[in-house]
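Chains, contacts and geometry: an overview
This is what each chain is made of:
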Amino acid sequence: MFTIGEFAKHGRVSVRMLRHYDAIGLLRPVHTDPTSGYRHYEAGQLARLNRVIALKDLGFSLHQVKALLDDDIGTEELRGMLRLRRAELESAVAEAVARLAQVEARLRTIENEGRMPTEDIVIKSLPPLRLAELSATAASFEPQDIGPVVGPLFERLCGLLDAAGVTPTGPGLAYYEDAPEGGGAITVHAGLPVGAQVSGGEGFQIVQLPGVERAATVVHRGPMDDVVPTAQALARWTDAHGYRSTGYPREVSLHCPEDRTQWVTELQEPIVAGG
C-alpha cells in the first residue's frame, strides 16, 4: 500500500486534493489508521483517480463525477466523453484564435488611423463585367462573417467552371448588397469574368454587372481579415475630398497565393460628389 504522499506523487495530484476527495466520499483510502489518522491507498485506486481527474477536466462537478463513477462508467464510454471534450476544447481554441486576430486587426485600424498616403487612392471608372457567379448570405459585413462565406463560394465557382471547361478572362471579384431579409445580413456575390460565348452552366449563373462611372480605389495587401484599416482609410479619404459612397466596395483579387499574407486586393468604392 501507499501512504497518502506516495499515492499523491504517483497520481500527480496534491495531498490536499486527496484529503478533499476522501471527505466527500469520492476516493476513500483503503485503510485509515484509527490512532494516527494516516491514510493508505492501493495501486488499483489509481484507475479511479484517473477517471476523477478526466471527468473533472470534462467540466463535471465533483458530485457529478462521484455519481458517474458509482454507476461504474466503462473505459470506452469515458474515452468517448474525453474525445468529445477534446473536440470542444479545440473548437474553443480556434474561436479564441479568431477573436484574437479580430482584436489585433482592430488595433491595427486604430494605430493606422490617418496614415494612409493620399497618393494610394485612385479615382477611376469601372467597366461593366460579364460574370459567372455564385451568391450566398453572410450574417454581417464584418470580416469574420464575410470570409467564411466568400472563400468557399470562389472555391466552388472555380470547380464548376473547370468542370464546364470555362476559362475566366480576368481576376475574381466579390461584391455585396444588403440581403432582402434585413437585420444586417449581406448578400455575398463571388464572380469571375467570362467571355460572351459562356451561357451559364450547372450550378452557376451568368450576370451582367453594371459599370461604375466613378469609384475611389485602393490596393489592400494582406489577408482580407485585416482589410478594415484599408477600407476605413478609403472612407476617410472619400469624405475628406467631398465624395459620398453609394454602395459597398467591390473587391478585385489581383493576387491570391496560398500564403494569405501575400494577397493583393483592390477595393473599389462607388462614389458621387457629396451633397
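As annotated in an unreviewed UniProt entry, the chain is MerR family transcriptional regulator from Streptomyces milbemycinicus.

1. Observations concerning the pattern of salt bridges
What the rule picks out here adds up to 5 salt bridges. Between R39 and D22 there is a salt bridge, with its nearest N and O atoms 2.8 Å apart. With a gap of 17 residues between them, R39 in strand β3 (residues 39-41) and D22 in helix α2 (residues 15-23) connect regions that are remote in the sequence. Residue R39 is classed as partly exposed on the basis of its relative accessible area of 23%. The salt bridge partner of K124 is E266, with a shortest N-O separation of 2.9 Å. Of the two residues, K124 sits in strand β4 (residues 122-126) while E266 sits in strand β12 (residues 264-273), which places them 142 residues apart along the sequence. Linked by salt bridges that have partners in common, D22, R28 and R39 make up one network.

2. What to know about the packing of aromatic side chains
This structure, assessed with the given rule, holds 4 aromatic pairs. Geometrically, the ring pair formed by F7 and Y41 is stacked, given 4.5 Å between the ring centres and 10° between the ring planes. Here F7, found in helix α1 (residues 4-11), pairs with Y41, found in strand β3; they are 34 residues apart in sequence, far enough to count as distant. Here F7 matches Y41 in class, with each residue buried. On the basis of an interplanar angle of 55° and a centroid distance of 4.7 Å, the ring pair of F141 and Y248 is categorised as tilted. Within this pair, whereas F141 is found in the loop between β5 (129-138) and α6 (143-164), its partner Y248 is found in the loop between β10 (243-245) and β11 (250-255), the two being separated by 107 residues in sequence. Among the aromatic side chains, those forming a connected cluster through ring pairs are F141, Y176 and Y248.

3. A short note on the nonpolar core
Side chains of nonpolar character tend, in soluble globular proteins, to be buried together. Residues I146, V150, L157, L161, Y176 and V188 are the most contacted members of the largest nonpolar core, which totals 20 residues. For this core, the secondary structure elements donating two or more residues are β5, α6, β6 (173-178) and β7 (186-193). By residue number, the principal contributor to this core is α6, which donates 7 residues. Counting residues in each nonpolar core, the second largest holds 19 residues, with I4, Y21, L27 and L55 among its members.

4. Points about the UniProt feature "domain: HTH merR-type" (unreviewed entry) in the chain
The UniProt entry lists residues 1-71 under the feature "domain: HTH merR-type" (unreviewed entry), expressed in the numbering used here. Helix makes up 55% of residues 1-71 and strand 10%, and the two end C-alpha atoms of the span are 26 Å apart.

5. Some points on the sheet that holds β3
In spatial order, the strands read β1-β3-β2; together these 3 strands make up an open sheet with antiparallel pairing. Each edge of the open sheet carries a strand with a single partner, namely β1 (2-3) and β2 (31-32). With 2 bridges joining them, β1 and β3 adopt antiparallel strand pairing. Among the inter-strand pairings, T3 is bridged to a residue of β3, identified as H40.

Parameters and conventions
Residues numbered from 1 in each chain as written. Predicted model: local features only at pLDDT ≥ 70, side-chain atom pairs only at ≥ 80, totals over all residues. Heavy atoms only, no water. Salt bridge = Lys/Arg side-chain N within 4 Å of Asp/Glu carboxyl O. Helix = DSSP H or I, 4+ residues; strand = E, 2+ residues; numbered from the N terminus. Buried < 20%, exposed > 50% of the residue type's maximum accessible area, 1.4 Å probe, protein only. Phe/Tyr/Trp six-rings, centres within 6.5 Å; stacked < 30°, edge-to-face > 60°. Core = buried A, V, L, I, M, F, W, Y, C linked by side-chain atoms within 4.5 Å. UniProt positions renumbered as here; feature names shortened; annotations may be inferred. Pairing = 2+ DSSP bridges.

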